[in-house]
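Descriptive analysis of the structure
Read off the chains here:
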Amino acid sequence: MVVKFFGNKKGGSGASVDYLLNERQEAKTARTLKGDPQLTKDIIRSIERKQKVCVGVLSFEEKNIPEADKHKLMEEFEKTLLPDMQGRYNVLWVEHTDKGRLELNFVIPKIDLETQKSLNPYYHKADLPRVEKWQDLQNLKYNY
């Protein structure tokens, strides 16, 4: 498994949600695992700052993994990325299987739902070592 964050110079929009759920949903190669796509888009639209969204993926070589493992990985990733923030952020998780491997895509609007202040879930220079350690630990734990 590899964790990847997608660059976003323009700040992002609800289009990231549309991209994750485009024709793949009808082809049954995309499905929502956690969150509400419409709520996530509404939250993104409500953000008045330029930087609106954090988007990334947990990408696997495996075609699939057990459902319980997917949910455990998503939960642990959120705790690693946003410790002690449960209930204060929105996240949408969308599974893709169209490339012959499993991808767990995430979209996190950059707003603290409690304070309405800006929230940056991932700052590359500061957070990369922690995310890489989490990734390595999961790969060892699950034998990915």
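Anything mentioned here points back to the structure above.
Each value, and the rule that gives it
Counting from 1, residues in each chain are numbered in the order their sequence is written. Selection of residues for local features in this predicted model requires a pLDDT of at least 70, selection of side-chain atom pairs for listing and counting requires 80 or more, and totals for whole chains, interfaces and linings are taken over all residues. Only hydrogens and water are set aside when side-chain values are computed; all heavy atoms of the structure are taken into account. Every helix listed is a DSSP run of H or I at least four residues long, and every strand listed is a run of E at least two residues long, numbered separately from the N terminus. For the purposes of these results, a polar contact is taken to be a pair of N or O atoms within 3.5 Å, where, inside protein, one atom must be able to donate a hydrogen and its partner to accept one; residues adjacent in sequence count only when each atom of the pair is a side-chain atom. It only takes one pair of heavy atoms within 4.5 Å for two residues to be counted as in contact. Aromatic contacts are taken between Phe, Tyr and Trp rings whose centres are within 6.5 Å, Trp giving its six-membered ring; a plane angle under 30 degrees counts as stacked, one over 60 as edge-to-face, and the others as tilted. When a residue's accessible area, from a 1.4 Å probe over protein chains only, is under 20% of the maximum for its type it is buried; when over 50% it is exposed; and in between it is partly exposed. Two limits define a charge over a ring: the Lys NZ or Arg CZ must be within 6 Å of the ring centre, and within 35 degrees of the ring normal. Two strands are said to pair when DSSP picks up at least two bridges between them. To get an axis, a line is fitted to the C-alpha atoms, and for a helix only the part in contact is used. The angle between two axes follows their N-to-C directions and goes from 0 to 180 degrees. The span you would expect from a helix comes to 1.5 Å times its residue count less one. The arc refers to the directions leading from the helix axis to the C-beta atoms.

Within the element layout of this structure, N90 appears in the loop between α4 (67-81) and β4 (92-96). Side chain to side chain, N90 and T40 meet in a polar contact 2.8 Å long. In this structure, N90 is in contact with L39, T40, I43, V107, I108, P109 and L113, ignoring residues within four places of it in sequence.

Turning next to the side chain of S59. In this structure, S59 sits in strand β3 (residues 53-59). Within the structure, S59 has its side chain in polar contact with the side chain of R101 (distance 3.2 Å). Here S59 is in contact with M1, V2, R101, L102 and E103, once residues within four sequence places are set aside.

Scanning the model with the defined rule gives 9 aromatic pairs in all. With a centroid separation of 6.2 Å and 35 degrees between ring planes, the pair formed by F5 and F77 is classed as tilted. Note that F5 is positioned in strand β1 (residues 2-5) and F77 in helix α4, a separation of 72 residues in sequence. On the basis of relative accessible area, F5 is assigned to the buried category, the value being 18%. Between F5 and F106 the ring centres are 5.5 Å apart and the planes differ by 70 degrees, which places this aromatic pair in the edge-to-face class. You can see F5 sitting in strand β1 and its partner F106 sitting in strand β5 (residues 103-109), a full 101 residues away along the chain. The class for F106 is buried, based on a relative accessible area of 0%. An aromatic cluster of at least three residues, connected via ring pairs, comprises F5, F77, W93, F106, Y122 and W134. Of note, R24 hangs over the ring of Y19, and the distance from its end group to the ring centre comes to 4.7 Å.

Turning our attention to the sheet that holds β1. Pairing is antiparallel in the open sheet, where 5 strands are placed in the order β1-β3-β5-β4-β2. Each of the sheet's edge strands pairs with one partner strand only, and the pair in question is β1 and β2 (30-34). Strand-to-strand twist of the sheet, defined as the mean angle between neighbouring strand axes without regard to direction, takes the value 25 degrees. Bridge analysis of β3 against β5 gives 7 bridges, and the strand direction is antiparallel. Considered in β5, the bridge of V57 is made with N105.

In this section: helix α5 (residues 124-142). Along its 19 residues, α5 runs 25 Å from first to last C-alpha, staying within 8% of the 27 Å computed at 1.5 Å per residue. Buried within α5 are the following residues: D127, V131, W134, Q135, Q138, N139 and Y142. Down the axis of α5, the sector holding all buried residues measures 135 degrees, keeping them to one side. Among the exposed residues of α5, those oriented more than 90 degrees off its buried face are K125, K133, L137 and L140. Buried residues belonging to α5 abut β1, β3 and α4. The first or second residue beyond α5 is N143, which carries a positive phi of 60 degrees.

Structural measurements only, silent on function.
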